[in-house]
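Below, each chain spelled out in residue letters.
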Amino acid sequence: MINLSKLRHEHGTILTIVAKLRQLIGRATPPPQLHLFALRHELTATLVSHLKAEDWVLYPRLMANPDVTIATTAQAFSKEMGGLAAAYSDHCKRWSASAIAADWPGYCRESETLADALANRIQRENRELYPLLETLDQAA
């Protein structure tokens, strides 16, 4: 069984971390590296845990549903999220401490784009995907 309440709580946690990241990248100069990398680590850990729950439990359940609309929607979300997860991973690899120090404005721009993508994804999941799961749980 999927704990939808936990998934929604994790969405809230991710959005809170993203909001903190937005505050940091809104500065004219970089914050202390330890502060920024601690926040990045927190986001990564939370995101990885959340994605595992979705990839291993949520998406397979929805994609196996005989309702074509549910299965197709879940498949589309799963495929799309793979691209976002890869983009996030690439972003973290590309922006080392020295790269951030060398191009703070570039890091901020790319981080803002990624933050927007994560926030939009969470909103869409809350609005489109999670209600499908609620419908299935109510029917069970």
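Parameters and conventions
Residues numbered from 1 in each chain as written. Predicted model: local features only at pLDDT ≥ 70, side-chain atom pairs only at ≥ 80, totals over all residues. Heavy atoms only, no water. Helix = DSSP H or I, 4+ residues; strand = E, 2+ residues; numbered from the N terminus. Buried < 20%, exposed > 50% of the residue type's maximum accessible area, 1.4 Å probe, protein only. Contact = heavy atoms within 4.5 Å. Areas by Shrake-Rupley, 256 points an atom, 1.4 Å probe, with all protein chains shown as cover. Expected span 1.5 Å × (residues − 1). Arc of directions from axis to C-beta. Polar contact = N/O pair within 3.5 Å; in protein donor to acceptor, adjacent residues only side chain to side chain. Axes fitted to C-alpha atoms, helices over the stretch in contact; angles between N-to-C directions. Parallel < 35°, antiparallel > 145°, perpendicular 65-115°, else oblique. Left-handed = near helix turned anticlockwise from the far one by under 90°. Nonpolar A, V, L, I, M, F, W, Y, C, P; charged D, E, K, R; others polar. Core = buried A, V, L, I, M, F, W, Y, C linked by side-chain atoms within 4.5 Å.

*Asks:* Break down the overall build of the chain for me, citing the residues and quoting the values.
*Replies:* On a plain count of helices and strands, the chain comes out with five helices and zero strands. Ordered by position from the N terminus, the helices and strands of the chain form the series α-α-α-α-α. If one aligns the C-alpha atoms of the chain with their principal axes, the spans along those axes are about 55 × 25 × 20 Å. Looking at the 140 residues of the chain, the share that counts as buried comes to 38%. For the chain, contacts bridging at least 24 residues in sequence account for 78% of all contacts bridging at least 6. Element-wise, carbon and sulfur atoms account for 59% of the exposed surface of the chain, whose accessible area totals about 7700 Å².

*Asks:* Report on helix 1 (residues 4–25), specifying residues and quantitative values.
*Replies:* The end-to-end C-alpha separation of helix 1 is 31 Å, in line with the 32 Å expected for 22 residues at 1.5 Å each. Buried residues of helix 1: Leu 4, Leu 7, Glu 10, His 11, Ile 14, Ile 17, Val 18, Leu 21, Leu 24 and Ile 25, and no others. One side of helix 1 holds all its buried residues, which, seen down the axis, span an arc of 140 degrees. Opposite its buried face, helix 1 presents the exposed residues Ser 5, His 9 and Gln 23, each directed more than 90 degrees away. For helix 1, the secondary structure elements touched by its buried residues are helix 2 (33–63) and helix 5 (104–139). Sitting at the amino-terminal end of helix 1 is Asn 3, which places a side-chain oxygen 3.2 Å from the backbone nitrogen of Ser 5.

*Asks:* Give a detailed account of the packing of helix 1 against helix 5, specifying residues and quantitative values.
*Replies:* The axes of two packed helices give the description: the angle between them and the distance between them. Viewed as axis vectors pointing N to C, helix 1 and helix 5 meet at an angle of 160 degrees, and their least axial separation amounts to 10 Å. Taken together, helix 1 and helix 5 sit at an angle that is classed as roughly antiparallel. Here helix 1 and helix 5 pass one another in a crossing that is left-handed. Along the lines of polarity and charge, the residues of the contact of helix 1 with helix 5 split into 18 nonpolar, three polar and six charged.

*Asks:* Summarise the side chain of Thr 46; cite the residues concerned and give the values.
*Replies:* Within the secondary structure, Thr 46 is located in helix 2. The buried category is assigned to Thr 46, whose relative accessible area is 18%. Reaching out from Thr 46, the side chain makes a polar contact with the backbone oxygen of Glu 42 at a distance of 2.9 Å. In contact with Thr 46, not counting residues within four places along its chain, are Thr 13, Ile 14 and Ile 17.

*Asks:* Which residues make up the nonpolar core, and what values do they have?
*Replies:* Grouped together as the largest cluster of nonpolar side chains are 38 residues, with contacts concentrated most on Leu 36, Leu 43, Leu 58, Leu 62, Trp 104, Tyr 107 and Leu 129. Counting residues per element, the ones that place at least two in this core are helix 1, helix 2, helix 3 (68–94), helix 4 (97–102) and helix 5. Once residues lying within four places of it in the same chain are set aside, the contact partners of Leu 62 are Ile 70, Ala 71, Ala 74, Leu 129, Leu 133 and Leu 136.

*Asks:* Report on the packing of helix 3 against helix 5, specifying residues and quantitative values.
*Replies:* It is at 11 Å that the axes of helix 3 and helix 5 come closest, and there the two elements cross at 155 degrees. By the angle between their directions, the pair helix 3 and helix 5 is classed as roughly antiparallel. Viewed along their axes, helix 3 and helix 5 form a crossing whose handedness is left-handed. Class assignment for the residues of the contact of helix 3 with helix 5 results in 13 nonpolar, four polar and seven charged.

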